[in-house]
Amino acid sequence: MARKPKTDNNKIDDAGTSGKSGISTPSATAGENVWFSLPGNNDDVVISTRARIVRNLADFPFPSKMSDDDRRRVQSLVYDAFSGVENWRFIEMSGISEPGKEILRDKNVLDEECGAVVINYGDESSSCLVNGTDHIKLSSFVAGLDCEKAMKKVYHTDEMLQEKLQFAASIDFGYLTSMVKDCGTGLKFSVRMFLPSIVLSGQFESVVSLVHSKKMSIKPVFKSDQIADFSNCLFDVSTVSCAEGTELDQMAGIHSIVSVILKKERKIRSNFADNNPTVVLNFFKQSYARAMYSLLLSYEEAVSIISAVKWGLQLKLIKGISECELNGLYYRVKDGHLKYLCDNYAFTFEDDVKSSLQLQIKRLRTIVIQQAFEGIVNEKPVS
Ligand SMILES: Nc1ncnc2c1ncn2[C@@H]1O[C@H](COP(=O)(O)OP(=O)(O)OP(=O)(O)O)[C@@H](O)[C@H]1O
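Being a predicted model, the structure only gives us computed values, none of them experimental.

Student: Got a minute to help me understand the overall build of the protein chain in this structure?
Tutor: Across its full length, the protein chain holds 12 helices and 14 strands. Going through the 383 residues of the protein chain one by one, you find that 54% of them count as buried. Once local pairs closer than 6 in sequence are excluded, the contacts in the protein chain between residues at least 24 apart make up 72%. Counting every atom, the protein chain has about 17000 Å² of accessible surface; 51% of that belongs to carbon and sulfur.

Student: How do you make sense of the pattern of salt bridges when you look at a structure like this?
Tutor: One side chain can pair with another of opposite charge once the charged atoms of both are near each other. Tallied over the entire structure, the rule returns 20 salt bridges. Between E323 and K310 there is a salt bridge; the shortest N-O distance is 2.6 Å. Of this pair, E323 sits in helix 9 (residues 323-332) while K310 is found in helix 8 (residues 299-314), placing the two residues 13 residues apart along the sequence. Within this structure, R50, D111, E112 and K137 form a network of salt bridges that share partners.

Student: I keep staring at the side chain of T49 and nothing clicks. Help me out?
Tutor: On the secondary structure map, T49 appears in strand 2 (residues 46-55). By relative accessible area, T49 is classed as buried at 0%. Within the structure, T49 has its side chain in polar contact with the backbone oxygen of G144 (distance 2.6 Å). Side-chain polar atoms of T49 contact the backbone nitrogen of D146, separated by 3.1 Å. The contacts of T49, once residues within four sequence positions are left out, are S140, F141, V142, G144, L145, D146, C147, A150, S190 and V191.

Student: What's the story with the site of the ligand in this structure? I'm lost.
Tutor: Not every one of the 15 residues close to the ligand is listed here, only the nearest: S48, N108, K137, K188 and R192. R50 places a side-chain nitrogen or oxygen 2.9 Å from an oxygen atom of the ligand. A distance of 2.5 Å is found between an oxygen atom of the ligand and a side-chain nitrogen or oxygen belonging to K137. Here the ligand loses 79% of its free accessible area of 610 Å² to cover by the protein chains. Contributing elements (two or more residues each) for the shell around the ligand: strand 2, strand 6 (136-143) and strand 9 (187-194).

Student: Would you explain the pairing of strand 5 (residues 126-130) in this entry?
Tutor: Residues in a regular strand project their side chains so that they alternate between the two faces of the sheet. Extensive coverage of strand 5 is indicated by the burial of 5 of its 5 residues. Two strands pair when backbone bridges link them, and strand 4 (residues 116-120) and strand 5 are joined in this way by 4 bridges, in the antiparallel orientation. Paired with V117 across the strands is L129, a residue of strand 5. Hairpin connection between strand 4 and strand 5: a loop of 5 residues separates the two successive antiparallel strands, and E124 in this loop has a positive phi of roughly 60 degrees. With 5 bridges connecting them, strand 5 and strand 6 associate as antiparallel partners. Within strand 6, the residue paired with S126 across the bridge is S140. Between the antiparallel neighbours strand 5 and strand 6 lie 5 residues, among them N131 with a positive phi of about 55 degrees.

Scoring rules and cut-offs
Residues numbered from 1 in each chain as written. Predicted model: local features only at pLDDT ≥ 70, side-chain atom pairs only at ≥ 80, totals over all residues. Heavy atoms only, no water. Helix = DSSP H or I, 4+ residues; strand = E, 2+ residues; numbered from the N terminus. Buried < 20%, exposed > 50% of the residue type's maximum accessible area, 1.4 Å probe, protein only. Contact = heavy atoms within 4.5 Å. Areas by Shrake-Rupley, 256 points an atom, 1.4 Å probe, with all protein chains shown as cover. Salt bridge = Lys/Arg side-chain N within 4 Å of Asp/Glu carboxyl O. Polar contact = N/O pair within 3.5 Å; in protein donor to acceptor, adjacent residues only side chain to side chain. Near = heavy atom within 4 Å. Pairing = 2+ DSSP bridges.

Shape descriptors only; they carry no functional weight alone.
So, in structure tokens, the structure goes:
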């Protein structure tokens with residue numbers, strides 16, 4: 001398969017949300033500056049941290065009870081509040097094509113129906129949904145484990161909006177929100193964790209009990225019907241109630257539970273590798289071979305391979321690739337991103353692949369992975 005770019009940029013790189021997607025952005029390719037390609041604290045175990053807050057404008061009903069006129073007025077007030085500030089861009093949902101929405105879903109910007117999205121195109125780590133379940137939902141992401149940084153980012157946007165907008169709040173309940181669980185601070189943290197050693201050693205249930213005992217939630221990133229081997233090792237650990245304690249209490253709570261889980265993962269990892277060297281090497285080699293000898297990979301298969309290689313790196317079976325490159329790869333092999341590449345580059349696919357966009361995406365995904373793995377050196381060849 002050969003490729004030549006339709007644009008000036010001839011590297012298979014991170015997709016921005018431009019081109020035929022119908023979303024205007026300053027750059028065609030988001031490149032290395034995108035938040036998920038950056039190194040982060042403890043990024044062997046923690047892929048990323050998300051903080052989000054929800055707010056509603058005073059003097060308007062919640063979105064489920066709004067008239068069309070209210071909806072337009074809220075949207076227009078939010079538009080004015082973001083106008084001309086930093087790198088924020090306001091985009092109405094009616095102006096975004098399906099491929100554009102898919103890219104936004106891939107980047108976790110869009111996770112529910114809403115009237116508009118506002119994105120900070122600095123590093124694309126902060127965004128706002130308008131007229132979804134609540135009038136305003138702000139989210140910020142950070143690579144690795146950093147609840148404080150994620151919280152600061154999201155509150156920076158909140159404070160900027162509070163200078164221009166009046167949010168609904170009461171002394172008794174705090175910020176008023178559509179869902180009871182969000183009343184109070186409106187703040188929720190979610191930490192995406194990679195826990196292969198805990199899962200493979202059969203100790204996952206004890207982690208679930210621990211998380212639940214702290215009134216938090218843990219859920220797999222993939223639904224069970226999507227799981228391919230190692231892709232069942234990714235989990236989101238989240239706070240549940242916004243009513244208990246202050247923002248700082250909520251941050252300290254999730255930070256401490258995640259720290260316990262991450263230490264457990266590292267401890268089990270080293271014991272597991274010492275006690276099961278052949279099993280471990282087999283897991284890694286099979287996945288690596290699948291990556292290098294496949295021609296068409298689904299997203300779930302790709303996640304499984306990336307995860308196995310990540311584990312191999314942690315177990316010192318390989319070198320030549322970093323944790324953050326692997327963490328960024330989880331995003332770079334998503335469908336929306338690859339469709340963007342197909343849209344914006346003139347690839348020459350094999351004849352039987354040409355006829356189907358789904359096959360083109362699978363083919364491209366395999367190539368992106370193989371390119372990313374080019375520098376990998378096996379530290380423990382099988383004798
Ligand atoms: N730490 C994280 N890193 C990357 N993606 C995340 C992280 N936490 C959550 N997400 C993604 O963000 C989106 C919203 O997360 P989640 O499902 O926890 O929220 P929700 O309860 O449905 O809604 P919300 O928190 O927005 O009210 C999902 O697409 C989820 O996969």
